[in-house]
Amino acid sequence: MKEILEAIQKIGVRIDSQIKRGETDKAQSFNTSGDQQVKLDILSDQIVEEELKKVSSIKEIISEEKSQPVEVNGKGEFLVAYDPLDGSSLVDVNLSVGSIFGIYRGDYKGENIVGAGYIVYGPRLELVWSGEDGKVILYRWDGEKFNRVEEVKLKEKGKILGPGGTQAKWYPFHKELIDSLFQEGYRLRYSGGMVPDIHQILLKGGGLFAYPATTDKPKGKLRRLFEVFPFALIVERAGGKASNGTRPLLELGYSSYHDTTPCFFGSSYEISRVEETYSANPL
Ligand code: AFP
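Cut-offs used in this document
Residues numbered from 1 in each chain as written. Predicted model: local features only at pLDDT ≥ 70, side-chain atom pairs only at ≥ 80, totals over all residues. Heavy atoms only, no water. Salt bridge = Lys/Arg side-chain N within 4 Å of Asp/Glu carboxyl O. Near = heavy atom within 4 Å. Polar contact = N/O pair within 3.5 Å; in protein donor to acceptor, adjacent residues only side chain to side chain. Nonpolar A, V, L, I, M, F, W, Y, C, P; charged D, E, K, R; others polar. Helix = DSSP H or I, 4+ residues; strand = E, 2+ residues; numbered from the N terminus. Buried < 20%, exposed > 50% of the residue type's maximum accessible area, 1.4 Å probe, protein only. Contact = heavy atoms within 4.5 Å. Pairing = 2+ DSSP bridges. Axes fitted to C-alpha atoms, helices over the stretch in contact; angles between N-to-C directions. Core = buried A, V, L, I, M, F, W, Y, C linked by side-chain atoms within 4.5 Å. Domains from an automatic or database assignment.

A. Region of interest: the pattern of salt bridges. Tallied over the full model, the rule gives 19 salt bridges. With a closest N to O distance of 3.5 Å, Glu126 and Arg124 form a salt bridge. In this structure, Glu251 and Arg247 form a salt bridge, with 3.2 Å as the shortest nitrogen-oxygen distance. Salt bridges sharing common partners tie together Arg14, Glu50, Glu51 and Lys54.

B. Representation of the site of the ligand. Surrounding the ligand, one finds 15 residues, the nearest of these being Asp86, Ser89, Tyr190, Met194 and Tyr211. Met194 is positioned with one of its backbone polar atoms (N or O) 2.8 Å from an oxygen atom of the ligand. Residue Lys221 places a side-chain N or O atom 2.9 Å away from an oxygen atom belonging to the ligand. Classifying every residue of the shell around the ligand by side-chain character gives five nonpolar, six polar and four charged.

C. Representation of the side chain of Asp41. Position of Asp41 relative to the elements: it lies in helix H2 (residues 39-52). The exposure class assigned to Asp41 is buried, which follows from its relative accessible area of 3%. A polar contact is formed between the side chain of Asp41 and the side chain of Ser88, at a distance of 2.9 Å. Excluding residues that lie within four positions of it along the chain, Asp41 makes contacts with Gln36, Glu65, Pro84, Leu85 and Ser88.

D. Looking closely at the sheet that holds strand S8 (residues 125-130). The strand order S4-S3-S5-S6-S7-S8-S9-S10 describes an open sheet built from eight strands, whose pairing is mixed. Two strands lie at the open edges of the sheet, namely strand S4 (70-71) and strand S10 (146-151), each paired on one side alone. By the bridge criterion, five bridges tie strand S9 (residues 137-141) to S10 in an arrangement that is antiparallel. Counterpart to Leu138 in the pairing with S10 is Glu150.

E. Local environment of the sheet that holds strand S14 (residues 241-243). What the five strands build is an open sheet, ordered S12-S11-S13-S15-S14; its pairing is mixed. At either margin of the open sheet sits one strand with a lone partner, and together these are strand S12 (187-188) and S14. Pairing between strand S11 (residues 160-163) and strand S13 (residues 207-211): four bridges, direction parallel. Following the sheet pairing, Ile160 is matched in S13 by Gly207. Strands in contact with helix H3 (residues 172-183) are S11, S12, S13 and strand S15 (263-266); relative to S11, the strand with the most contacts, it is inclined by about 155 degrees. Against the sheet, helix H6 (residues 268-280) makes contact with S13, S14 and S15, and its axis sits at roughly 155 degrees relative to S15, the strand it touches most.

F. Seen up close, the nonpolar core. Residues Leu202 and Phe265 are the most contacted members of the largest nonpolar core, which totals 40 residues. No other element matches the nine residues that helix H5 (residues 224-237) contributes to this core. Counting only domains with at least three residues in this core, you end up with domain 1 (2-151) and domain 2 (160-280). Counting residues in each nonpolar core, the second largest holds 34 residues, with Ile11, Leu52, Val55 and Phe146 among its members.

G. Region of the structure containing the domain arrangement of the protein chain. Parsing the protein chain into structural domains produces domain 1 (2-151) and domain 2 (160-280). Taking only C-alpha atoms into account, the centre of domain 1 sits 21 Å from that of domain 2. Viewed at the interface, domain 2 and domain 1 are joined by one salt bridge. In this assembly, domain 1 and domain 2 are joined by 10 residue pairs in polar contact (both at pLDDT 80 or more).

H. Layout of unusual backbone geometry. One non-glycine residue, Asn94, lies in the positive phi region at around 60 degrees. Residue placement: Asn94 occurs in the loop between strand S5 (78-86) and strand S6 (97-104).

Below, the structure is given as structure tokens:
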């Protein structure tokens, strides 16, 4: 999987430079999930496809911005599902955004994911990767190369909370859970970008990121193959947990490439609070 990491590093440098000087206005097109694309979405997707197509160990790739997979090498071992620019609507307000990659063998089910990585385009260009050794490693770009910074590990319990979704559409028991965590002293940390929001929890050692089922989105908003399974692998390998409210996210499959799921990522204490709440209030 090393050559996939190297390709992702090249992708990070190229997309970072486009963000800093590329166009951020809207395109006239919409992706499979119905999100209106910004020109950077399309450009980022082109960059990712171009770089991943050079990797001989990849059999096929599928983008969140496209409806179907693209074949790369019939003899390849890995399938790669990616979100080329997650949170792209935040670029025009100069907030951090990211790219997300899930590396699978055989199929795109949660149990088949064998590696994952994400890039954070922020004040610093950073990359978090978990490959065959099962470790979660932070890399930082120094202007010429990516340097290994540290192994990422979560504590049993954290102090920050990213409560996603439209609050007016939360189920009452979910609101009670979030309110009780704030009453315990958790601090609100939510930008609307999944990548920086979960990156912050990983680097601060713990906490909870939640994108729950809501009355307007009963299956949640975040996509299983491109966003949820990759972060579930990374958070679990860092010592945390990743749940849909009642079971581990990596036990989930999919019936369509763009399926979503309610999702909770964080330290084990916070996830146990979530699962207690959701088990007592079955949807
Ligand atoms: P965009 O890619 O449309 O900006 O959405 C970002 C995202 O998919 C994910 O990065 C955030 O966690 C989530 O949506 C934020 O959704 P809300 O705006 O509903 O909180």
